[in-house]
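Chain and residue survey
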Amino acid sequence: MKKQNAFISLAVLALAGALVAGCAGDEMMGKKADKMAMKKKKMAMKDKKMMKGDEAAVKARKKLMRGIGADMKRLRAAMKQGSGWVVEEQVRQAAGDMYKKASKIKKAFKKNTLAGKTTSTAAIWKDKAKFGLIADGLAANAAVLAQIHYKGGPGAIKKAVGLIGRQCGACHQSFRKKKKR
């Protein structure tokens, strides 16, 4: 009987010890969980602040790209007018403006972010070399068009603008989300 009471006492002590340890563990886990939750909350707030900063970068990129699109519209409008020194001057100005903007594309996309509303894709940073080549090609074609002497007349302008359009199209095909129709 003494043995049996000893085993029962031992079992009760073990069970009590396990319960106490479990409670302490839950309390400790609660503190750890609270610390983890606070840490996650702080990181989320930090990410949110970064996203706001990133949104500014995205807005600047969008402004730059819209400016290039406006220059392309100016080139197309000038082409429709036909030929003459006025048209040539309009083409030179639009191409010169496009060159200035196109030479800033790689710098504008240096920050890897897609925060806010954007049609850019992550492929820009995955294939940065291809993106850089297309951006450099656009800048080079715009520079050539801005400096060209129009001995070829409207045909030469049309061909040069076509090259610029293909550069834009190559970038949109590879690095821009498809438009929803």
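Residues numbered from 1 in each chain as written. Predicted model: local features only at pLDDT ≥ 70, side-chain atom pairs only at ≥ 80, totals over all residues. Heavy atoms only, no water.

Quick look at the layout of surface pockets now. In this structure, the largest pocket occupies an estimated 770 Å³ of space. Looking at the largest pocket, it is lined by 29 residues, and the ones nearest its centre are Met65, Arg66, Thr119, His172 and Arg176. Contributing elements (two or more residues each) for the lining of the largest pocket: helix H1 (2-80), helix H5 (128-147) and helix H6 (154-175). Across the lining of the largest pocket, the residue classes tally to 14 nonpolar, 7 polar and 8 charged. (1 Å grid on protein atoms, 1.4 Å probe; cavity = no way out; pocket = protein on both sides within 12 Å on 5 of 7 lines; lining within 4 Å. Points joined across faces, edges and corners; volume = space filled by probe spheres on them. Helix = DSSP H or I, 4+ residues; strand = E, 2+ residues; numbered from the N terminus. Nonpolar A, V, L, I, M, F, W, Y, C, P; charged D, E, K, R; others polar.)

The next thing to look at is H6. With 22 residues, H6 extends 31 Å between its outermost C-alpha atoms, agreeing within 8% with the 32 Å of an ideal straight helix rising 1.5 Å per residue. Here H6 has its buried residues at Ile157, Ala160, Val161, Ile164, Cys168, Cys171 and Phe175. When H6 is viewed along its axis, its buried side chains cluster within an angular range of 95° and face the same direction. In H6, the exposed positions that point more than 90 degrees away from the buried face belong to Lys158, Lys159, Arg166 and Gln173. (Expected span 1.5 Å × (residues − 1). Buried < 20%, exposed > 50% of the residue type's maximum accessible area, 1.4 Å probe, protein only. Arc of directions from axis to C-beta.)

Further remarks concern a positive patch on the surface. Together, Lys100, Lys104, Lys107, Lys110 and Lys128 line one region of the surface with positive charge. Turning to its location among the elements, Lys104 is positioned in the loop between helix H2 (85-102) and helix H3 (105-108). On the basis of relative accessible area, Lys104 is assigned to the exposed category, the value being 51%. (Patch = residues over 30% accessible without salt bridge, like charges linked within 9 Å, V, L, I, M, F, W, Y side chains within 5 Å. Areas by Shrake-Rupley, 256 points an atom, 1.4 Å probe, with all protein chains shown as cover. Salt bridge = Lys/Arg side-chain N within 4 Å of Asp/Glu carboxyl O. Lys, Arg positive; Asp, Glu negative; His and termini not counted. Charge placed at Lys NZ, Arg CZ, Asp CG, Glu CD.)

Right, let's talk about the confidence of the model for the chain for a bit. Averaged over the chain, the pLDDT score is 78; the fraction of residues at 70 or greater is 70%. Ranking the elements of the chain by mean pLDDT puts H1 last, at 67, and H3 first, at 93. Long-range and interchain partners of residues 23-28, a stretch whose pLDDT sits below 50, account for 0 contacts in this model, where long-range means more than four residues apart. Confidence drops under a pLDDT of 50 for residues 46-51, and excluding neighbours within four residues, the segment shows 1 contact in the predicted structure. (pLDDT = per-residue confidence, 0-100. Contact = heavy atoms within 4.5 Å.)

What tends to happen in soluble globular proteins is that the nonpolar side chains get buried as a cluster. Grouped together as the largest cluster of nonpolar side chains are 30 residues, with contacts concentrated most on Leu75, Met98, Ile105, Leu138, Leu145 and Ile164. Every element with two or more residues in this core is listed here: H1, H2, helix H4 (123-126), H5 and H6. Setting aside chain neighbours within four positions, we find Leu138 in contact with Ile68, Met98, Ala102, Ile105, Ile164, Gln167 and Cys168. (Core = buried A, V, L, I, M, F, W, Y, C linked by side-chain atoms within 4.5 Å.)

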